[in-house]
Amino acid sequence: MDKWEELKARCEACTACELSKTRTNCVFGTGNVNADVLFVGEAPGEKEDLSGIPFVGAAGKLLDKYLYAVDIDRERVYIANILKCRPPKNRDPLPAEEEACIGFLREQVKLMKPKIIICLGRISAMKLIKPDFKITKEHGMWFQKGNYLMTAVYHPAALLRDPRKKEDMLLDMQKIKAKLDELSLKL
Ligand code: URA
């Protein structure tokens, strides 16, 4: 078994927090592990829990539209979440759950070595970019953190709740695509 599969197997067997008791599936991630681009959401929802695949519900379908609009192939990037198991009724992750789970994402990043990490939403940006990240003010901005160039965009679920944010989302995604082209990143 290679290191990635080994990590996935460990994640699927994890019982570090209470969410392991209510999960149907552990949602480890999907896409191309050799990509330079990693998208990180918050936590699986119902459809993700049932399928074991991130971003396949209503928010995921909207994300797919933005990826398509800027010509980023979902299969050629990697998509994961901060939490690998679904919180009941899709509530926000608890700090203890994030702490229990973040090691898996850190190991994914270590193995993948992406060049760009794109946070999907406030929760991911606060965990990965900075704790006081303000999504309404700082979406679409670039942050260099160690070896990684990072940015955050609105969570697609936030766009479903407030369609006025869609214009900003498209602009941010266009900026991301321009950066991928500028850096000639592997896609
Ligand atoms: N929302 C997330 O943050 N991640 C998913 O996988 C699905 C919905």
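Our structure is the block above this text.
Residues numbered from 1 in each chain as written. Predicted model: local features only at pLDDT ≥ 70, side-chain atom pairs only at ≥ 80, totals over all residues. Heavy atoms only, no water.

**A closer look at the sheet that holds strand E4 (residues 116-120)**
Next, step 1: Spatial strand order, E1-E3-E2-E4-E6-E5: 6 strands in an open sheet with mixed pairing. Bordering the open sheet on either side are strand E1 (30-31) and strand E5 (143-145), each of which pairs with just one other strand.
Next, step 2: Of the strand pairs in this sheet, strand E2 (residues 37-41) and strand E3 (residues 78-81) are connected by 4 bridges, and their pairing is parallel. Note on E3: the bridge partner recorded for phenylalanine 39 is isoleucine 79.
Next, step 3: Each of E2, E3, E4 and strand E6 (148-153) is contacted by helix H5 (residues 95-112), which is oriented at about 160° to E3, the strand it contacts most. (Pairing = 2+ DSSP bridges. Helix = DSSP H or I, 4+ residues; strand = E, 2+ residues; numbered from the N terminus. Contact = heavy atoms within 4.5 Å. Axes fitted to C-alpha atoms, helices over the stretch in contact; angles between N-to-C directions.)

**Re the layout of surface pockets**
Next, step 1: For the largest pocket, the calculated volume is near 590 Å³.
Next, step 2: For the largest pocket, the lining is made up of 27 residues, of which Glu42, Ala59, His155, Ala157 and Arg161 are closest to its centre.
Next, step 3: Listed by contribution, the elements that provide at least two residues to the lining of the largest pocket are helix H3 (46-51), helix H4 (58-69), helix H6 (122-128) and helix H8 (156-161).
Next, step 4: Its residues assigned to classes, the lining of the largest pocket comprises 12 nonpolar, 7 polar and 8 charged.
Next, step 5: By volume, the second largest pocket amounts to about 260 Å³.
Next, step 6: Forming the walls of the second largest pocket are Ile102, Leu105, Arg106, Val109, Lys110, Ile117, Lys127, Leu128, Lys145, Tyr148 and Met150.
Next, step 7: Breaking the lining of the second largest pocket down by element, the ones donating at least two residues are H5, H6 and E6.
Next, step 8: With 5 residues, H5 is the single largest residue contributor to the lining of the second largest pocket.
Next, step 9: A per-class count over the lining of the second largest pocket returns 7 nonpolar, no polar and 4 charged. (1 Å grid on protein atoms, 1.4 Å probe; cavity = no way out; pocket = protein on both sides within 12 Å on 5 of 7 lines; lining within 4 Å. Points joined across faces, edges and corners; volume = space filled by probe spheres on them. Nonpolar A, V, L, I, M, F, W, Y, C, P; charged D, E, K, R; others polar.)

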